[in-house]
Structures are given as structure tokens and as C-alpha cells.
Amino acid sequence: MSVMDIEKKIKDLTAELNHYNYQYYVLADSLISDYDFDLKLKELEALERQYPEFADPNSPTQRVGGDITSKFKTEKHRWPMLSLGNTYSQEELFDFDQRIRKIIGDQFEYVCELKFDGLSISLTYENGLLKKAVTRGDGTQGDVVTNNIKTIRSIPIRLKEGDYPSQFEIRGEIFMHKSAFLRLNKEREENAEQTYANPRNFASGTIKLQDSAEVAKRPLDCFLYFLYCDNRTNLFHDHWNSLEHVKSWGFHVCEHTKKCNLLADVFEFIDYWDTERHNLGYEIDGIVIKVNDYAQQEDLGFTAKNPRWAISYKFKAERVETTLNTISYQVGRTGAVTPVANLQPVLLAGTTVKRASLHNANEIARLDLHQGDTVYVEKGGEIIPKIIGVNLEKRLPDTTAFIYPNSCPECGTTLIRQEGEAVHYCPNETGCPPQIVGKMQHFIGRKMMDIEGMGDETVETFFKKGLLHNIVDIYGLKDHQEALQQLDRFGQKSIDNMLAGIEKSKEKPFEKVLFSLGIRHVGETIAKKLAQHFKNIDALAQASTEEIEGVQDIGRRIAESVKEYLDNPIHQQQIISLRNYGLKLEIEEREIILASENLSGKTFLISGVFADYSREQLAELIESNGGKMLSSISAKLNYLVAGDKMGPSKLAKAEKLGIPMINEQDLLDLIHSK
Ligand code: AMP
Ligand code: ZN
């Protein structure tokens, strides 16, 4: 291919992928299989790597995230992000309507919209490009989270051709679909990572992550519902038309919107959605009612806190009464004890509810639950049933309060509770059956060591027969052929199959092994980060809590848990045994053959695009000459290798810290200088 052909190919692929993204994420219309989409994306990635000079800075390949910032900047909103007045009652809505009529008369329309339960975001576009995304924050100023927002596929990074103003702001709600919430939360539960109470918390927790590559893994969506720009009325006379129109620029606008002339129509819309909301794929917590006409909105103006031309009507959560039969205490593989309320089955929001999570001891105390109490149950965020209170009028006369147990219901060991934590743990890690079995079951799991021919039940049977006491024993099973043959329902073929699966698992990379150990709070992502940072188990074991906490997105609690695990002599012994069995306890790096040591002791960061080398090539060059790559700009950085189109925030930060910036020629000179 000639250079011109390549440039054209990159342009065409970029346009094609942008089109598919728009069709898929905004119009929910899939024109191409995921597989073919990924192939094309990979092709584009490869071309961009080879010819960065032709890459569009807003290319669809940028959506995978990865640009790491260490802290969000805050920025003032040009138009403050006010909250809406809200109400739960028809009377108050009637009053709202009356106030409006007093000011602007009877000639007006309402636009009714769903009130999405997520977090609001302000997006600024300049010349058709997404320039920045800022959270609501305190309404006056918010966090700049542009990189994270760029990972949301339904938010256009580049607008479609259109008659949009050169600069405008558009606001909407970021949210997570219910199905994604349930799937991801289940994954987190399996990984012993903290779960989120509802999709809204999941969405807002995600937007606040530092690592946009992690954000990219969590599917979020966004509906837009306000447009702001200078001289807006030159473009549109009313809100309804603005929403209709921004769809053509590439924005995702919810289709369940209605224009109403009469308050009665508004009430009808509310009633309809109060039940119909349970059939939506995402959560709404009410209806937003807005006066349509922009000039009338201006006449109505604002109170100190809210616009006078809009209000939100919130749905009451569906609530039922039922009897609390018993509380059971489940011990998980990490020893965490979870109280679960067993309820008299009751129908709530379309499903039968039999159990509700009580989270921890504080929750039981807060609710002051007594034996045989009649409790109110709500579906928090429509998904997880929750006890929200007790009907005291129905409390039985001689009943007593539930008391959280002092000792483990499975093994009798005294429970402990770490400072600052709400959860009780059974500390008997090596002697408490559900913990022992759970740890082994976790270890062999599909996303962990993925041992073929061995399932959860096998583990349980082997444990009961005394064949397995901990994860190390799994690798010693091959020496117990006779005992295995004596087990019922275990033919030679299954034994061979299982033993082969066990052998094969030894090829799993270090990050998987680390994840499989089942260290409390260490999920898949955290394990990967630790493996990449420390490179082997010994370095990790020698690191202080502070050093572990220094790794991106790893908090104090995780660091302490890792430290505690690796300080335990039993675990140390297990790790030695696993190593002897041949498991991988270090990452496999391409052997770096040092071309020179001319950059030794120096740290580098690469930013922007370069004429002669890809970023990967530059990094390789640096490392093969003894230099070290850093992932973010800090005072520890010696050189910033700066190419074209470097991000302005990086530039500003480097300038502020006085870090020398060099180009690729300077880097080569540095390497060859000695
Ligand atoms: P509140 O937080 O209860 O004051 O409600 C105001 C918030 O509702 C806004 O800040 C938005 O985040 C959110 N919201 C959800 N859907 C809409 C919508 N269709 N129009 C305006 N705001 C909405
Ligand atoms: Zn126990």
C-alpha cells in the first residue's frame, strides 16, 4: 500500500467504526457482529500504531481507555447544575402548576420525561468534538472526568455532520442497565470484591475510578436531557425541539418522552410509568416535568436552588409487610459472615421475596429486629429486597431482640471485627469448613486456575474424605491414585482427566495464581495490578503496606489485607509448596537484553504521537537501555518524551513540576551520548 492509501484506509476504518458505534450504542441497532467489529478495531489499532501521524486523536480505538490520571481536576460550571424541586404528591404538583399559570398564563406545554436514576454529567463540545465532561459536584463546580466518559459508547466523541453550534454544553444522566449491574455485581461477589447496592452507586463509583481502562470494562449508558449554548433561542424555541434535534447530532435521547397540555395528561403519564417502570431495562425513580418553551422558562426563572419551570415527581418505592421468621448467618470463603433474613414469602414488584440481606451487625441493631417481628420490605433500586423498618404495632409482647452471634456458626471460633469495618469475620481460616472448601472452590474456578475435570462438588467430597485440606493438596492428588480409585462414581477416566487438568493449570500466569489464592479484597483487576507492579511474589511479600497502597486504585484496606495474608506463616509455607509444584509466581517478561545502560537510573514517560517511532517502540528502546517507564507524571519523573498532540493537562502538569521535555531525537542523543 502507498502512504496515501494507508492514510485513506485509516480514515475509512475510523468513519466506519464510528458509524457502527453510533448505530449500536445510540440506536441499539447492530450492523455487524462483535467479532467483525473487533477485527476491524484491531486492524485500525495496528495501522495507527504504525502510522501515528494519520491517527485521529478521537479515534474509536481511544474508547478502550487507559490514559491514567492521578487525580481529577475540578472545574466551575458555566451554567450551575441546579437540582430540581421534587415532590411525591399530586397536590404539590397541582400547586406547581398553579404557580406557573400565575406567572405565564395558560398557554404553555409541559414535556414529561423519565427521571433516570444515575449521576448527572455536563458535556462540552467544541467544533463537534467532546472537549470535557464534568460531574455535577456541588452544583457550582465538579470533577473533570473526560477520559472516563470517553469510554461510554453512547456518548459521541465526535459528532455526526450537523448544524450544531461551534460550542455548546449538553447534560444528561449516566447510568448502568439492570442486567449489567446484576452480572457485574455477581462477578464481584465471586471475586470477594465489594458489591454495589444499586446500579446508581455502581455507575457513580465507576466514573470516579482513576483508571479509565477499568471504566471501559463496565458498561455504562447515558441519556441526554438539557442543551445549553449562547443564543440558544436562535437555534430552538423549545426544549422538545432541542431534544429531537440533538438526536441527529449523535446523542442518545430517551424515547419515552411526552408533550402534555393538561395537568391531567401529566398525571396519566406518571401513573403509566409508576407500574411500567418495572419493565424497563434501567432504573427510574420518578418523572421530570419541564415547561417546554425557552422564553417561558426564562420568564419563570429560578429560586435560589431550583428552576421554577421544572419539577420532579418521585415514585414511592413499593413496600410490603411480612413476617421475619429467622436470621441465618452465612460464612463465605473469606470468612466474612453475612446475616440473611428469612421472610414469610411475599409478592413485591412482581417477584416473590423470601430473603433479604441484612448486610452486617450494625444493620440488625439499627433496625432493632426482634423475633417474630413484622417488617416492611422494599426493593431498593427495584432489585435487591431490603428491610427498611419494623411495624412496632405488631411486635409480639414477650419477644426478644436478635443478638448477633459472638462465635462462628460453622466452627465455633470467636468472630472478629476489624476497626473501621462493619463486617464480622471468622478468623479460623484453616479450620472453618466453609472457608476451607470455599477457598479451594475459588482456586479451581473458571476465571481462576480453571482446573478441568474438577468441580465444586468434587472439592467438597475430597475434603470430607480427607484428601484435600488446602489448595496445595490439589497438586498432591496425583500421588493418591489408590484413594481416588476407591471413591464411588469416580472412574479411571475422570481421574486421569482431572489430573491432566491439574497439571495444565500450572501454566497459568502469575496474576491468575495471585487472584486464585483468594486474598480478601483482591479481585481479578487488583491481582493484575499487583502482579504487574511487583512482578513476583517475593517482591510483593517484602513490600510494606505503604508501598502496596502506592499502586494505583489500591486502597489501605486492600493493602492491609495483602500484607496480612502474606505475613501469615501458613500461607508462606503454602506458597513455597506451590512454587515447588511448578506454579508461576512471577510474571514472564520478555527477556530484556540490555543494549546499553546509558539510561540506567532515569525514569521516563511518553506522551503524544511521534514521527518515526510508535510509543511502544520508544518504550522498548528506553527499557533496553536501562531506563524505567513511569505511568504518570510526578516529581519522580526525570524526562517526559513529548510528541505531537500531547494532552494539555499532562503538559501543564509537567511544566508545573519543571520536568524536562525531550523529543525523540533528544532521546536518541541521550542513548548514544556515552
Ligand atoms: P434531584 O437530585 O432529586 O434534585 O433530581 C435532579 C436530578 O435528576 C438531576 O440533577 C439529574 O441528575 C436527574 N435527572 C434524571 N433524569 C432527568 C431528566 N429527564 N431531566 C432532568 N434531570 C434528570
Ligand atoms: Zn468459622
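Residues numbered from 1 in each chain as written. Chains lettered and ligands numbered in written order. Predicted model: local features only at pLDDT ≥ 70, side-chain atom pairs only at ≥ 80, totals over all residues. Heavy atoms only, no water.

Per an unreviewed UniProt entry, the recorded name for the protein chain is DNA ligase, and the organism is Sphingobacterium puteale. Looking at the protein chain in UniProt, the text filed under Sequence similarities (unreviewed entry) is "Belongs to the NAD-dependent DNA ligase family. LigA subfamily." Heading Function (unreviewed entry) of the UniProt record for the protein chain holds this comment: "DNA ligase that catalyzes the formation of phosphodiester linkages between 5'-phosphoryl and 3'-hydroxyl groups in double-stranded DNA using NAD as a coenzyme and as the energy source for the reaction. It is essential for DNA replication and repair of damaged DNA." (UniProt positions renumbered as here; feature names shortened; annotations may be inferred.)

1. With respect to the pairing of strand S10 (residues 284-291)
The side chains of a regular strand alternate, residue by residue, between the two faces of the sheet. A large share of S10 lies buried, amounting to eight of its eight residues. Both strand S3 (residues 110-116) and S10 contribute to a ladder of seven bridges, which runs antiparallel. Following the sheet pairing, Cys112 is matched in S10 by Ile289. Relative to strand S11 (residues 310-314), S10 runs antiparallel, the two sharing five bridges. Looking across to S11, one finds that Ile287 is bridged to Tyr313. (Buried < 20%, exposed > 50% of the residue type's maximum accessible area, 1.4 Å probe, protein only. Helix = DSSP H or I, 4+ residues; strand = E, 2+ residues; numbered from the N terminus. Pairing = 2+ DSSP bridges.)

2. Observations concerning the site of ligand 1
If you check the shell around ligand 1, you find 15 residues, and the closest are Glu113, Arg136, Glu173, Tyr225 and Lys290. Side-chain polar atom of Glu113 to a nitrogen atom of ligand 1: 2.8 Å apart, as the coordinates give it. Within the side chain of Lys314, a nitrogen or oxygen atom sits 3.2 Å from an oxygen atom of ligand 1. Contributing elements (two or more residues each) for the shell around ligand 1: S3, strand S8 (221-228) and S10. Ranked by residue count, the leading element in the shell around ligand 1 is S3, at four residues. Per-class residue counts for the shell around ligand 1 are six nonpolar, three polar and six charged. (Near = heavy atom within 4 Å. Polar contact = N/O pair within 3.5 Å; in protein donor to acceptor, adjacent residues only side chain to side chain. Nonpolar A, V, L, I, M, F, W, Y, C, P; charged D, E, K, R; others polar.)

3. Notes on the coordination of the zinc ion (ligand 2)
Protein-derived ligands of the zinc ion (ligand 2) are Cys408 (SG), Cys411 (SG), Cys426 (SG) and Cys432 (SG), with the metal-ligand distances lying across 2.2 to 2.3 Å. If you look at the zinc ion (ligand 2), its four donor atoms make angles of 101 to 114° with each other, and the shape they trace is tetrahedral. Motif for the zinc ion (ligand 2), donor spacing along one chain: C-x2-C-x14-C-x5-C. Exposure remark for Cys408: the relative accessible area of 4% places this residue in the buried category. When its relative accessible area of 26% is taken as the criterion, Cys411 is described as partly exposed. (Donors = N, O, S within 2.8 Å, 3.2 Å for Na, K, Ca; no water. Tetrahedral: all angles 85-135°; square planar, octahedral: opposite > 155°, others 65-115°.)

4. Focus: the sheet that holds strand S21 (residues 639-642)
The pairing of strands in a sheet happens through backbone hydrogen bonds and is either parallel or antiparallel. One open sheet accounts for four strands, arranged S20-S19-S21-S22; its pairing is parallel. Only two strands of the sheet have a single partner each, and these edge strands are strand S20 (628-629) and strand S22 (661-662). Strand direction decides the pairing type here: strand S19 (residues 603-607) and S21, joined by four bridges, are parallel. Opposite Phe604, over in S21, you have Tyr639 as the bridge partner.

5. Concerning the pattern of salt bridges
Taken as a whole and judged by the stated rule, the model has 33 salt bridges. Note that Glu75 is salt-bridged to Lys132, the shortest N-O span being 2.5 Å. You can see Glu75 sitting in strand S1 (residues 74-76) and its partner Lys132 sitting in strand S5 (residues 129-135), a full 57 residues away along the chain. Judged by its relative accessible area of 23%, Glu75 falls in the partly exposed class. Since its relative accessible area comes to 26%, Lys132 is described here as partly exposed. Note that Asp274 and Arg277 form a salt bridge whose closest N and O atoms lie 3.1 Å from each other. (Salt bridge = Lys/Arg side-chain N within 4 Å of Asp/Glu carboxyl O.)

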